[in-house]
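# Remarks on the overall topology
Spelled out, the chains give:
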Amino acid sequence: MTSTLGPAPSTLPQANESCWCGSGRKYKRCHKKSEGRIVQGLVTPMREVPANIARPPYADTGEYDAWDEGRVKSPEIIERMRVSGKLAGEVLKMAGDMVKPGVTTEAIDIAVHQAFIDGGAYPSTVNYHGYPKACCTSVNEVICHGIPDSRELQEGDICNIDVTGWLGGVHGDTNATFFVGDVDPESRQLVKVTEEAMWRGIAAVKVGRPLSDIGRAIEDTVKPHKYGVVRAFVGHGIGEQFHTDVQVLHYYDSRSSTIMRAGMTFTIEPMITLGTINYKIWDDDWTAVTSDGKRTAQFEHTILVTDEGPQVLTGGPGTASPTAPWTR
C-alpha cells in the first residue's frame, strides 16, 4: 500500500498496457486506481531529543501504560496546560507558515521538532507507541496520522499538520489544515466548513451538558454540505497523559452521555470528508486514508471547560485558528 516510487510519468499507459512502475502487471491491475493519490516518500529515522529536555514516561521505550487520571484537573495542572497549549499553538502557526509548493513534510517536521525543543518541550508524538516523528502531516485524502516524509507538497494540495508538545508535565494538542498554493474551490470550502464545525463544537461546551452536544453541533454544521464525519477517530481527554478515557465524538450519539464539568480538558478535532467516511490504513500502521481517495480536512484545539464557558488552551493571537471564524 505504501511506496517509495517517484511520480507517475506525464503520459500514462492504456488500461491493458504494462504498468509504468515496471511490475510487469497491466496498468489497470496495478497503479491505475491509485493515480492522483498520495504516494509515501522516504521516511527518515527518528530524531533525538536532547537529554536536558524532560521526557514523558514512554519516550525511551515507546511503551505507554495508561493510568486513571482524573477528568477534572486541579488549578495547578490547568495553569501548566495553558503554558503547554500556548506553545503548541505557536508551533503549529510556524509550521503552517512553511506550507507552500516544493516544501517537504520532512522539512516541516524538522522545524516542529526543533521549535518544541527550543521551547523546552518534548515533541509528544516522538516514540509514542513507536511513532517516529514530531508531528503528523496529512495531505489530501489522508485523514490523520500521516508520517512526514520526502514528498514535496504540490500546488493545489491541502495539508493538515497536527502537533503536540509535553511541557511542564502536561500535553498541548492542536492541528489545522493549510492550503498549498492555489487550491480548488471545492477543497477551500471543505477546509472552511471543517474549521467552522470545530468552533461550533467548541461553542457547545457547557457545564452540565452531555458531550453529545458537541457531536450534534458538528454534524449540524456539515450536514447541509453533504460532507461525511469520520467516526473511527475521535477527540480525547488530555492532561498529564496524551490521551485519557474521555472520548469526544464528532457526530451525534445519545450514548455519549458523559456530563461536562468545570475543570475537564479534552480535544475537539473533527475530520470531515468530501466522500466516504470509510478508511484504509497504510502498511506503516499509522496513515489513515479515505477509501475512495476523496479529500478530507481536520482542525483541532485543546479545550478547558469552565463555568463561564469553554476556554481554548491552544488558540488565541498568534495561532493558526485563533478564534471562531464568525468573530474575526
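A brief structural summary.

About the thresholds
Residues numbered from 1 in each chain as written. Predicted model: local features only at pLDDT ≥ 70, side-chain atom pairs only at ≥ 80, totals over all residues. Heavy atoms only, no water. Helix = DSSP H or I, 4+ residues; strand = E, 2+ residues; numbered from the N terminus. Buried < 20%, exposed > 50% of the residue type's maximum accessible area, 1.4 Å probe, protein only. Contact = heavy atoms within 4.5 Å. Disulfide = S-S within 2.5 Å. Salt bridge = Lys/Arg side-chain N within 4 Å of Asp/Glu carboxyl O. Pairing = 2+ DSSP bridges. Core = buried A, V, L, I, M, F, W, Y, C linked by side-chain atoms within 4.5 Å. Polar contact = N/O pair within 3.5 Å; in protein donor to acceptor, adjacent residues only side chain to side chain. Axes fitted to C-alpha atoms, helices over the stretch in contact; angles between N-to-C directions.

Locating Gln189 in the fold gives a position in helix α3 (residues 185–203). The partly exposed category is assigned to Gln189, whose relative accessible area is 38%. Linking Gln189 and Thr244, residues 55 residues apart in sequence, is a C-alpha distance of 32 Å. Those residues in contact with Gln189, other than ones at most four positions away along the chain, are His225 and Tyr227.

Applying the stated criterion to the full structure yields 0 disulfides. The cysteine Cys136 is free of any disulfide, with Cys135 supplying the nearest cysteine sulfur at 6.9 Å. Given the relative accessible area of 7%, Cys136 is considered buried. Of all cysteine sulfurs in the structure, the one in Cys135 sits closest to Cys159, which takes part in no disulfide; the separation is 8.4 Å. Residue Cys159 is classed as buried on the basis of its relative accessible area of 0%.

On to the pattern of salt bridges, then. Applying the stated criterion to the full structure yields 17 salt bridges. Residues Glu90 and Lys86 are paired through a salt bridge, measuring 2.5 Å at the closest nitrogen-oxygen approach. You can see Glu90 and its partner Lys86 sitting in helix α1 (residues 75–97), 4 residues apart, about one turn around the helix. Among the ionic pairs, Asp97 bridges to Lys93, the shortest N-O distance being 3.1 Å.

Attention now moves to the pairing of strand β8 (residues 244–248). The side chains of a regular strand alternate between the sheet's two faces. Relative to β8, strand β7 (residues 235–237) runs antiparallel, the two being bridged by 3 bridges. Note that in β8 the partner of Gly237 across the bridge is Thr244. Two successive antiparallel strands, β7 and β8, enclose a turn made up of 6 residues.

This part covers the nonpolar core. Across soluble globular proteins, nonpolar side chains show a tendency to be buried alongside one another. Judged by nonpolar contacts, the single largest core of 67 residues is most densely connected at Val112, Ile161, Ile214, Phe266 and Ile268. Ranked by residue count, the leading element in this core is α3, at 7 residues. Ignoring sequence-local partners within four residues, the contact set of Ile268 consists of Met198, Gly201, Ile202, Val205, Ile214, Ile218, Val248, His250, Phe299, Glu300, His301 and Ile303. Ile77, Ile78, Met81 and Val170 belong to the second-largest nonpolar core, a separate cluster that totals 7 residues.

Bringing the pairing of strand β4 (residues 158–167) into the picture now. Taken across its 10 residues, β4 has 10 buried, putting it largely inside the fold. A two-sided burial pattern is seen for β4, the buried positions comprising Ile158, Asn160, Asp162, Thr164 and Trp166 on one face and Cys159, Ile161, Val163, Gly165 and Leu167 on the other. One ladder, built from 2 bridges, connects strand β1 (residues 122–123) with β4; its direction is antiparallel. Across the sheet, the residue bridging to Tyr122 is Trp166, located in β4. Judged from the 5 bridges that link them, strand β2 (residues 135–139) and β4 form a sheet pairing that is antiparallel. In the sheet register, Cys136 faces β4, and the bridge partner there is Asp162. Note: β4 against strand β5 (residues 170–179), 10 bridges, orientation antiparallel. Its bridge partner being in β5, Asn160 is matched across the sheet by Thr177. In this structure, the hairpin formed by β4 and β5 is closed by a connection of 2 residues, where Gly168 is found at a positive phi of approximately 65°.

Before going further, it helps to spend a moment on the side chain of Thr164. You can see Thr164 is positioned in strand β4. Among the polar contacts listed, one links the side chain of Thr164 to the side chain of Asp173, at a separation of 2.9 Å. Every residue in contact with Thr164, bar those within four places of it in the chain, is listed here: Phe116, Tyr122, Pro123, Ser124, Thr125, His171, Gly172, Asp173 and Phe242.

Spatially, 3 strands are ordered β6-β10-β13 in an open sheet, and the strand pairing comes out antiparallel. Whereas interior strands pair on both sides, the edge strands pair on one side only; in this sheet they are β6 (228–229) and β13 (296–298). Bridge count for strand β10 (residues 271–273) against β13 is 3 bridges, and the pairing is antiparallel. Residue pairing for β13: Thr273 is matched across the bridge by Thr296. Strands in contact with α3 are β10 and β13; relative to β13, the strand with the most contacts, it is inclined by about 35°.

A word on the sheet that holds strand β3 (residues 142–144). The antiparallel open sheet is built from 3 strands, whose spatial order is β3-β12-β11. Single-partner strands in this sheet number two, and they are β3 and β11 (279–281). Ignoring strand direction, the axes of neighbouring strands in this sheet form an average angle of 40°. Examined bridge by bridge, β3 and strand β12 (residues 288–290) share 2 bridges and lie antiparallel to one another. Bridge pairing in β12 links Val142 to Val289.

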